[in-house]
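# Summary of structural features
Given next are the chains, with one letter for each unit.
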Amino acid sequence: MRRALGAFATGVTVVTAVDGGEPVGFTCQSFASVSLTPPLVLFCADHRGRSWPRIRAAGRFTANVLAEDQTELCARFGSRAGRKYEGLGWDLSPWGTPSLRGVLARVHAEITAVHTAGDHDVAIGRVLAVETGRETRPLLFFRARFVKTAATAPARPLPS
C-alpha cells in the first residue's frame, strides 16, 4: 500500500499551534481543501505523534505550505528528536499560532471536528484566514523522496 500510494505526489506542510504557551508542530503531507463554502480544510495526524494531542487541545492551527528549498524545515518538524523551534525564526499569527517564515502559503484554521480513521485522526478545520507567501515552487514528495517541478508561471494571489 505504501508503495502504490507513494506514486501520488503530495505537497508538504508543517501544522503548527501553541499549547500551554509553547509552540508545537509536525510535518504533514496529508493536508487538503475540503470545501470552499464554508471554507474547510483537513489534515491527518498519527495517533502516536506527540504534537497532535497538543494541537488538538489548542483548538487552532496553521498549515504552513513549504517551498522546495525548505527540506531542512520539513526534516526538523518530521523528527522526534530535539526542539523543533530552537534557533528558528517564526512569528505568532493574530490567531495565536506559529507562522513559519519563507513558506508559500499559510492557512489559519480552527478545529471543528476530528474523526478517527485507523491509526490516524482526520482533523477538519474551519478556515479563519489564508496568506500567500513567496512566489516559488512547492516542496513535493513522490515515491519516498523529494522531487522538483518544472518551472511554472507565477501563481496568482488567492482571493480574499
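Bear in mind the structure is a predicted one, so any value in this text is a computation, not a measurement.

What counts and what doesn't
Residues numbered from 1 in each chain as written. Predicted model: local features only at pLDDT ≥ 70, side-chain atom pairs only at ≥ 80, totals over all residues. Heavy atoms only, no water. Pairing = 2+ DSSP bridges. Helix = DSSP H or I, 4+ residues; strand = E, 2+ residues; numbered from the N terminus. Salt bridge = Lys/Arg side-chain N within 4 Å of Asp/Glu carboxyl O. Buried < 20%, exposed > 50% of the residue type's maximum accessible area, 1.4 Å probe, protein only. Phe/Tyr/Trp six-rings, centres within 6.5 Å; stacked < 30°, edge-to-face > 60°.

Another aspect to go through is the pairing of strand S10 (residues 120–132). Where strand S5 (residues 40–46) meets S10, seven bridges bridge the pair, whose relative direction is antiparallel. Among the inter-strand pairings, alanine 45 is bridged to a residue of S10, identified as aspartate 121. Alignment of strand S9 (residues 105–117) against S10, held across twelve bridges, turns out to be antiparallel. Looking at S10, one finds that histidine 108 is bridged to alanine 129. Connecting S9 to the antiparallel partner S10 that follows it, the hairpin turn spans two residues, and glycine 118 within it adopts a positive phi of roughly 65°.

Attention shifts here to the pattern of salt bridges. Under the counting rule described, the total for this entry stands at eleven salt bridges. A salt bridge links glutamate 68 to arginine 137; its shortest N-O distance comes to 2.9 Å. Separated by 69 residues along the polypeptide, glutamate 68 in the loop between strand S6 (60–65) and helix H3 (71–78) and arginine 137 in the loop between S10 and strand S11 (140–142) bring together distant segments of the chain. Residue classification places glutamate 68 among the buried positions, given a relative accessible area of 17%. Under the relative-accessibility criterion, arginine 137 is labelled partly exposed at 24%. Of the charged contacts in the structure, one is a salt bridge between glutamate 131 and arginine 106, with a shortest N-O distance of 3.4 Å. Of this pair, glutamate 131 sits in strand S10 while arginine 106 sits in strand S9, and the two are 25 residues apart along the sequence. On the basis of relative accessibility, which here comes to 30%, the residue glutamate 131 falls in the partly exposed class. Several salt bridges share partner residues, and in doing so they unite Asp19, Glu22 and Arg54 into one network.

Here the distance between the centres and the angle between the planes together describe a pair of aromatic rings. Evaluation of the coordinates by the stated rule reveals five aromatic pairs. With a centroid separation of 5.5 Å and an interplanar angle of 90°, the aromatic rings of phenylalanine 43 and tryptophan 52 are classed as edge-to-face. Take phenylalanine 43 and tryptophan 52: they sit in the same class, and that class is buried. Among the aromatic residues, those joined into a cluster by ring pairs are Phe26, Phe43, Trp52 and Phe61.

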